[in-house]
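# Fold and geometry: a report
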Amino acid sequence: QVQLVESGGGLVQPGGSLRLTCSASGTRLSRNDMDWYRQIPGKQREFVARITGGGSTDYADSVKGRFTISRDTANNAVYLQMNSLMIEDTAVYYCHTRWGHVVERLDDYWGQGTQVTVSS
């Protein structure tokens, strides 16, 4: 019903920038809340950023002021612009949404993840 595919990860030096893309297919997600999470091996997956169906955004304190989430409804895509990257940002980044035919039964959908490595 929903497929999410992340892209744009890679190796970048501290202070550099990357833009991640989450491409969705299977259904229109223009009214969905869309999230970015990240996970370091051996640690729990943590919230990074969210954009609501109404366009409001929310960020984890650790990335506030450095990361920007946006969406392109025409292309069914969500982006995460990451600036001033730090070594601590190294993780696998995942796109996430909740979707269902009725609000009472929503399922979680995740992309496969894209690796971001910040290293000198």
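Residues numbered from 1 in each chain as written. Predicted model: local features only at pLDDT ≥ 70, side-chain atom pairs only at ≥ 80, totals over all residues. Heavy atoms only, no water.

Our focus in this paragraph is the state of the cysteines. This structure, assessed with the given rule, holds one disulfide. One disulfide in the model links Cys22 with Cys95; its S-S distance is 2.1 Å. Handedness of the Cys22-Cys95 disulfide follows from its S-S torsion of about -75°: it is left-handed. With Cys22 in strand β3 (residues 18-25) and Cys95 in strand β9 (residues 91-99), this residue pair connects regions lying 73 residues apart in the sequence. Assessed through its relative accessible area of 1%, Cys22 is described here as buried. (Disulfide = S-S within 2.5 Å. Helix = DSSP H or I, 4+ residues; strand = E, 2+ residues; numbered from the N terminus. Buried < 20%, exposed > 50% of the residue type's maximum accessible area, 1.4 Å probe, protein only.)

This next bit is on the pattern of salt bridges. As enumerated under the stated definition, the model contains seven salt bridges in all. Glu46 is the salt-bridge partner of Arg38, the closest N and O atoms lying 2.6 Å from each other. Classification of Glu46 as partly exposed rests on a relative accessible area of 34%. The residue Asp107 makes a salt bridge to Arg105 at a minimum N-O spacing of 2.4 Å. Given the relative accessible area of 27%, Asp107 is considered partly exposed. Bridged by salt links that share partners, the residues Arg38, Glu46, Arg66 and Asp89 form one connected network. (Salt bridge = Lys/Arg side-chain N within 4 Å of Asp/Glu carboxyl O.)

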